[in-house]
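Chain by chain, the residues run as shown.
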Amino acid sequence: MTGQSTTHFGFSEVPLNEKVHKVRQIFDSVAGNYDLMNDLMSLGVHRLWKRFAIRRLRLKPGQRLLDVAGGTGDLARLMQRELSGQGDIVIYDINAAMLEQGRNRLSDEGSLTGIRWVQGNAEQLPFPDHAFHAVTIGFGIRNVTQIDAALREMTRVLRPGGQFMCLEFSHVAIPFLRPIYEAYSFRVLPEIGHWVAKDRDAYQYLVESIRRFPDQEQFAAMLREAGLYQVRHHNLTGGIAAVHIGVKV
Ligand code: SAM
């Protein structure tokens, strides 16, 4: 991405330094309805995807974990269970409203043990090299302007032998599912966004940004480029989403 003056924001091109502000506006707008919208849009399936993704990591009590673009903390809550209350989890996100929403939810549930919140951009992580046993990012990397920089940073802060996991929308691998998913995405999702979150544009951006995101193989190549090894992926619900895992050596 270096040397470019514009980047994509959904199907539009915007100056490189504007995307981060536009993404921030979107999550400021949807933060209050974010969890409800996820359940409505996916009929709760995002919970199964997240559980599957965290289980793939085989986490152990005592580990230090980082969830980048952690938002309202869905992945961190699952990690917390795997650690059985022993270990440290950092939820890192650029958006104060999303972090606040998640902190309130975890506080209401009485599940604050071992969790810290840090606000910042995934492109520059304020953590030392080799700090974490695992680094995750769920439905976040698509929103980052300089994806390659963020992948390098997440690899940098992993310990040797540590695991990187990315859960993200991907490209449907089952031909008959494609037109159904296409119609649902472009006709239904923005309407749900309009009626529930009162922000059609945010959900139009969601759909468009998914289409612009690299497919499973292209993204795997980006992970290798960032310095990860043993890169593999698992398609979820026919490739609507995919989990990519890689190891730092
Ligand atoms: N990981 C959570 C989940 O799976 O529910 C939240 C995902 S939400 C779709 C995307 C999150 O990425 C938002 O909370 C947003 O603030 C965050 N985000 C977007 N750009 C970011 C960046 N450059 N650095 C860090 N976080 C970012």
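These remarks concern the structure in this document.

Reading the values: the criteria
Residues numbered from 1 in each chain as written. Predicted model: local features only at pLDDT ≥ 70, side-chain atom pairs only at ≥ 80, totals over all residues. Heavy atoms only, no water. Patch = residues over 30% accessible without salt bridge, like charges linked within 9 Å, V, L, I, M, F, W, Y side chains within 5 Å. Areas by Shrake-Rupley, 256 points an atom, 1.4 Å probe, with all protein chains shown as cover. Salt bridge = Lys/Arg side-chain N within 4 Å of Asp/Glu carboxyl O. Lys, Arg positive; Asp, Glu negative; His and termini not counted. Charge placed at Lys NZ, Arg CZ, Asp CG, Glu CD. Helix = DSSP H or I, 4+ residues; strand = E, 2+ residues; numbered from the N terminus. Buried < 20%, exposed > 50% of the residue type's maximum accessible area, 1.4 Å probe, protein only. Core = buried A, V, L, I, M, F, W, Y, C linked by side-chain atoms within 4.5 Å. Near = heavy atom within 4 Å. Polar contact = N/O pair within 3.5 Å; in protein donor to acceptor, adjacent residues only side chain to side chain. Nonpolar A, V, L, I, M, F, W, Y, C, P; charged D, E, K, R; others polar. Expected span 1.5 Å × (residues − 1). Arc of directions from axis to C-beta. Axes fitted to C-alpha atoms, helices over the stretch in contact; angles between N-to-C directions. Left-handed = near helix turned anticlockwise from the far one by under 90°. Contact = heavy atoms within 4.5 Å.

A contiguous patch of positive charge on the surface is contributed by Arg 56, Arg 58, Lys 60 and Arg 232. Examined against the element boundaries, Arg 232 turns out to sit in strand S8 (residues 229–236). A relative accessible area of 34% places Arg 232 in the partly exposed class.

Attention now moves to the nonpolar core. Nonpolar side chains in soluble globular proteins tend to be buried together. Counting 50 residues, the largest nonpolar core has Trp 49, Ile 54, Leu 59, Met 165, Leu 167, Phe 169 and Tyr 203 as the members making the most contacts within it. Per element, the largest residue contribution to this core is six residues, and it comes from helix H8 (residues 200–212).

What follows concerns the site of the ligand. Around the ligand, 18 residues are found, and the nearest of them are Tyr 34, Ala 69, Asp 93, Ala 122 and Gly 138. For the ligand, an oxygen atom lies 3.0 Å from a polar atom in the side chain of Lys 50. At 2.6 Å from an oxygen atom of the ligand is found a side-chain nitrogen or oxygen belonging to Asp 93. When the ligand sits alone it has 600 Å² of accessible area, and the protein chains cover 97% of it. Among the residues making up the shell around the ligand, the classes are represented as nine nonpolar, seven polar and two charged.

Taking 1.5 Å per residue, 12 residues should reach 16 Å; helix H1 (residues 19–30) reaches 17 Å between its end C-alpha atoms and fits that length. Every buried residue of H1 is accounted for by Lys 19, Val 23, Ile 26, Phe 27 and Val 30. Buried residues in H1, looked at end-on, bunch into an arc of 90°, giving them a common side.

Let us look at the packing of helix H2 (residues 34–42) against helix H7 (residues 177–197). Packing of H2 against H7 brings their axes to within 11 Å, and their N-to-C directions diverge by 145°. Viewed along their axes, H2 and H7 form a crossing whose handedness is right-handed. Contact with H2, carried on its side by Leu 36, Met 37, Leu 40 and Met 41, involves Tyr 184, Leu 189, Ile 192, Gly 193, Val 196 and Ala 197 of H7 and no other residues of that element. When grouped by side-chain class, the residues that make up the contact of H2 with H7 number nine nonpolar, one polar and no charged.

A separate point is helix H9 (residues 216–225). Looking only at H9, the buried set comprises Gln 216, Phe 219, Ala 220 and Leu 223. Angular distribution of buried residues about the axis of H9 spans 105°; they occupy a single face of the element. Along H9, exposed side chains directed more than 90 degrees from the buried face belong to Glu 217 and Glu 225. Those residues of H9 hidden inside the fold are in contact with helix H6 (147–156), strand S7 (158–169), S8 and strand S9 (241–247).

Okay, unusual backbone geometry next. Even without glycine at this site, His 130 takes up a positive phi of about 60°. With respect to the helices and strands, His 130 occurs in the loop between strand S5 (115–119) and strand S6 (132–138). Exposure remark for His 130: the relative accessible area of 43% places this residue in the partly exposed category. The phi torsion at Gln 230 lies on the positive side, around 50°, for a residue other than glycine. Along the chain, Gln 230 turns up in strand S8. Given the relative accessible area of 55%, Gln 230 is considered exposed.

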